[in-house]
Amino acid sequence: MDLSFFPRGALIGFTVAIGVGPISLLAIRRTLDHGRVYGLASGLGVAAADATYGAIAAFGLTAVTAVLVGARSALALVGGLFLLWLGARTILAAPPQREAAVRERPGLAGAAASIYGLTMTNPTTILSFAAIFAGFGLAGGSIAEAVLLTGGVFLGSMAWWIVLTSVTAAFRARVTPTVLRWLTRVSGVAL
């Protein structure tokens, strides 16, 4: 068993997670609106989705991969419609008052589950993991190495979300209501 699969998986998980897109903007907005813990719960959902797709690629579950890639259009449509709805809702919503937002935030499990589901609507992520694993010679290993690789992907992705939510939370107190309103609009348009 090659123990280097774990740190290599962590590096891959961090690298895949670091890409800024709609999910990152959603996590940033959630951190600004509801605080670091809520943003971190959202990051946990993304890291779990990354690990799920990483596991599918690491374990070589070609049948599952084929189903997900075959359902790519339907999953993209569902995910796209949800992003449109979320974007419109974000643009139209007034930024919450910070104190009220912390008290009235939705549950942490809901934050993780909702963003996990949204992240899983992008089945091309599995192709990314499969290509990266193959490119680094990580494909076709033992079950133990696949477990190490998957755990590494989760840890690496989670490390990124810890960094992102920590930095966002550090600037949260400096964000004025006007800036927060513009950030809300920009993230709504981006979503």
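Refer to the structure printed above.
Thresholds applied
Residues numbered from 1 in each chain as written. Predicted model: local features only at pLDDT ≥ 70, side-chain atom pairs only at ≥ 80, totals over all residues. Heavy atoms only, no water. Core = buried A, V, L, I, M, F, W, Y, C linked by side-chain atoms within 4.5 Å. Buried < 20%, exposed > 50% of the residue type's maximum accessible area, 1.4 Å probe, protein only. Helix = DSSP H or I, 4+ residues; strand = E, 2+ residues; numbered from the N terminus. Axes fitted to C-alpha atoms, helices over the stretch in contact; angles between N-to-C directions. Parallel < 35°, antiparallel > 145°, perpendicular 65-115°, else oblique. Left-handed = near helix turned anticlockwise from the far one by under 90°. Contact = heavy atoms within 4.5 Å. Nonpolar A, V, L, I, M, F, W, Y, C, P; charged D, E, K, R; others polar.

A. Spotlight on the nonpolar core. Counting residues in hydrophobic clusters, the biggest one holds 16 residues, and the most contacted among them are Tyr-53, Phe-129, Phe-133, Leu-138 and Leu-149. Listing elements by their share of this core, those giving two or more residues are helix 1 (5-17), helix 3 (36-58), helix 8 (124-135) and helix 9 (143-172). By residue number, the principal contributor to this core is helix 3, which donates 5 residues. One finds Ile-23, Ile-115, Leu-118 and Met-158 within the second-largest nonpolar core, a separate group that totals 12 residues.

B. Main features of the packing of helix 3 against helix 7 (residues 108-120). With their axes 7 Å apart at the nearest point, helix 3 and helix 7 run at an angle of 40° to one another. Relative to helix 7, the element helix 3 is oriented oblique. For the pair helix 3 and helix 7, the crossing hand works out as right-handed. Along the contact surface, helix 3 presents Val-37, Tyr-38, Ala-41, Ser-42, Gly-45, Val-46, Ala-48, Ala-49, Asp-50, Thr-52 and Tyr-53, while helix 7 presents Leu-108, Ala-111, Ala-112, Ile-115, Tyr-116, Thr-119 and Met-120. Here the residues of the contact of helix 3 with helix 7 sort into 13 nonpolar, 4 polar and 1 charged.

C. A look at the side chain of Arg-30. Among the structural elements, Arg-30 can be located in helix 2 (residues 22-34). When near neighbours in sequence (up to four residues on either side) are disregarded, Arg-30 contacts Gly-35, Tyr-38, Ser-42, Ala-111, Ser-114 and Ile-115.

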